[in-house]
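# Structural features, examined
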Amino acid sequence: MSLAKTEIRAAAVPCEGADLVLEAFLRHQIKKVFIFPGGTIAPILDRIEKRSSIEIVCPRTEQGAGYAALGYARITGETAVFMVTSGPGVTNAVTPVADAYYDNIPLVVITGQVGTGDMRGDLPVRQRGFQEVDTVDLMRPIAKAVFQVTDISELSDVMEQAFFLAGSGRPGPVVVDMPMNVQRGTIDPAACRPVVKRSDAAPLAPADKIETLAQWISAAERPVILAGGGVMGCGAYQELRTLADKYGIPVTMSMPGMGAYPSDAPLSLGLCGYAGSQYANMAMYKSDLLIGIGTTFHLRQTGSLPAKTVEQGRIARIDLDINELRHSRVPLDLDIHADAKAAMASLDRALQKLPAPRTAAWQDQIAAWKAKYPLLTGKPSLLPKPQDVIAAANSAVRGKKVIVTTGVGQHQVWVPRHFDFDAPQRVLLTSSGHGTMGFDLPAAIGAKIAEPQASVICFVGDGSLQMNIQELATIVERGIDIKIVVLDNHALSIVAQFQRQNWKSHPSTGEKYNPDFAAIARAYGIAAVSITSSEGMADKFRFALNCKGPVLVHCQVDPGEDLLPMLLGGHTLDDMSNETSF
Ligand SMILES: Cc1ncc(C[n+]2csc(CCOP(=O)(O)OP(=O)(O)O)c2C)c(N)n1
């Protein structure tokens, strides 16, 4: 894209704070900004529009803009820019910022703020400026860094730091709060604090620890790799495949790690943890060497008994974040502070000099567990099973490059169980750490903007869809070709299941009235298909997912389906529950 209009700025001396923000965007080759407008962000929007070719993407709410930015960042691998106005714009932005923090997504967030003269500061009053809110304190616990620029001469260097911090090391959101008078203030660029270019180098995999791990792998009889979002973040798919395939090591994945290794490969164990399969969890539990790569060993992956993650065996962990290693939830026998890609390449070199592990018997054992504990697809019912819906969609797009987004709930788990992932060809975007309903639709929009050639499918529960359903308008307005598959069970079913399991009833989560989502889609101008029976479902999916233009597929699915098996609190990984809550 040509950024020719930006040269106009160079001639303007002195310049305004808003020009300096734009200049930082251009220095970092920002091509799109995701925003929801308001008065205190208007000066920067004006500059972007008049003096650059950067595209302003404006969904219908701050959450919509935030999640579109996250989808865009995940797919491009670049830092995305998300801008909101002060006050309610900021408070609405909190949730996507938290998502970026917990799921390591590089994001620069520009928040408008009242002028410095209108700020409450340390006064014991609630508010001085209209739409004033304490952005710094609100964002501090959910951002890698938060800046408030009160001196225009520091603005350019603060922006530089923001981009550096967002994208370096373990990525995340960085917030820059911009008071109105700083955006509109003027300065001679020569008077600005110089912009310091920062760089960092990923920690080198320590040779002695790599050697130790290589020896452990060589001697292991039952090794398992648990690949997490860190493998996806650094694009180390090939290194992981080399390690697993060359040395016969089965691979399981966390939700953010799905696709790091192909779901349908013989050594794949798919999703692990509370919602994974019994065979994946069995393999972790019975392993003699569990190797976590770019994963937090979160409660959701290893259960509530961290000291009993493996029955008898060693645990090694490779991570870029030293604090994660120092404060590992699961006790470690070996920690390796390194970038996953570099560490796996070093590990392969070290393993080449050692006898390969003998894992044939282990692989046979895992095949036996796969046969004994197949993924359940529920009892027959009149309405289609959600698992079958996802499997039908999976078959309909076989061979295509596909990006999948989800909401949060049962459907979020059925997707990695029944849809095949294989990055970078088939990628899953989902809200993992923060687990936010409403991530689904806007993240799909951002993903499609990032990669227009890919097929983008948004699997969404009826509850999650209604969190950001207004983004159907953005889809139409921008002509975005995404396919939306609504799994409508008239329930907030994962919570309903939890309630029934514990208290035998499901107040406020079951038997929800829902509108005809297909009719709603048509009202927005989106083609829609309704599915109420398994008969002909495969053909409907083949048509809906492969035609041109956005389509919403409204599937009425069996409300009597539990997410099973499930790893409940207080149980070890070999002991998932199959007990229905109904
Ligand atoms: C913003 C937000 N509010 C509340 C929750 C708690 N919650 C998790 S899943 C869920 C129900 C989701 O329902 P639906 O999207 O229909 O998915 P289903 O479980 O039926 O597949 C709720 C209420 C959440 N994760 N996010």
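Whatever comes next refers back to the structure up there.
The text that follows walks through the structure, step by step, so that each part is easy to find. Computed from a prediction, not measured in an experiment: that's the story for all the values here.

Next up on the list: the overall build of the protein. When helices and strands are tallied, the protein shows 24 helices and 20 strands. For 582 residues, the compact-globule estimate of 2.2 N^0.38 gives 25 Å, and the C-alpha radius of gyration of the protein, at 25 Å, lies within 12% of that figure. Projected onto the principal axes, the alpha-carbon positions of the protein cover approximately 75 × 60 × 50 Å. Looking at the protein residue by residue over its 582 residues, the buried ones come to 57%. Counting only contacts in the protein whose residues sit at least 6 apart along the sequence, the fraction spanning at least 24 positions is 76%. Accessible surface for the protein amounts to roughly 22,700 Å². Of this, 53% is attributable to carbon and sulfur atoms. Taken as two groups, the 54 positive and 59 negative side-chain charges of the protein have centres that lie 2 Å from each other.

This part covers the site of the ligand. Around the ligand sit 16 residues, and of these Q410, G435, G463, S464 and S493 come closest. In the model, an oxygen atom of the ligand is placed 2.8 Å from a nitrogen or oxygen of the Q410 main chain. Backbone polar atom of M437 to a nitrogen atom of the ligand: 3.3 Å apart, as the coordinates give it. For the ligand, whose unbound accessible area comes to 590 Å², protein coverage reaches 77%. Of all the secondary-structure elements, those providing two or more residues to the shell around the ligand are helix 18 (410-418), helix 20 (462-465) and helix 22 (493-503). Classifying every residue of the shell around the ligand gives six nonpolar, nine polar and one charged.

Throughout the structure, instances matching the rule amount to zero disulfides. Summary of cysteine pairing: C15 is not part of a disulfide, and the nearest cysteine sulfur, belonging to C192, is at 6.0 Å. Residue class for C15 comes out buried when judged on its relative accessible area of 1%. Between C458, a free cysteine, and C555, which holds the nearest cysteine sulfur, the sulfur-to-sulfur gap is 12 Å.

So, on to unusual backbone geometry. In this chain, A423 is followed by P424 through a cis amide linkage whose omega measures 5°. With respect to the helices and strands, P424 occurs in the loop between helix 18 and strand 16 (426-429). The phi dihedral of K504 falls on the positive side, at around 70°, and the residue is not glycine. Structurally, K504 can be placed in the loop between helix 22 and helix 23 (517-524). A relative accessible area of 70% places K504 in the exposed class. At E511, a position not held by glycine, the phi torsion is positive, near 45°. Inspection of the secondary structure assignment puts E511 in the loop between helix 22 and helix 23. The exposure class of E511 is exposed, given its relative accessible area of 66%.

Conventions used here
- Residues numbered from 1 in each chain as written.
- Predicted model: local features only at pLDDT ≥ 70, side-chain atom pairs only at ≥ 80, totals over all residues.
- Heavy atoms only, no water.
- Helix = DSSP H or I, 4+ residues; strand = E, 2+ residues; numbered from the N terminus.
- Rg over C-alpha atoms; globule rule 2.2 N^0.38 Å.
- Buried < 20%, exposed > 50% of the residue type's maximum accessible area, 1.4 Å probe, protein only.
- Contact = heavy atoms within 4.5 Å.
- Areas by Shrake-Rupley, 256 points an atom, 1.4 Å probe, with all protein chains shown as cover.
- Lys, Arg positive; Asp, Glu negative; His and termini not counted.
- Charge placed at Lys NZ, Arg CZ, Asp CG, Glu CD.
- Near = heavy atom within 4 Å.
- Polar contact = N/O pair within 3.5 Å; in protein donor to acceptor, adjacent residues only side chain to side chain.
- Nonpolar A, V, L, I, M, F, W, Y, C, P; charged D, E, K, R; others polar.
- Disulfide = S-S within 2.5 Å.

Read these as geometric descriptors, not functional statements.
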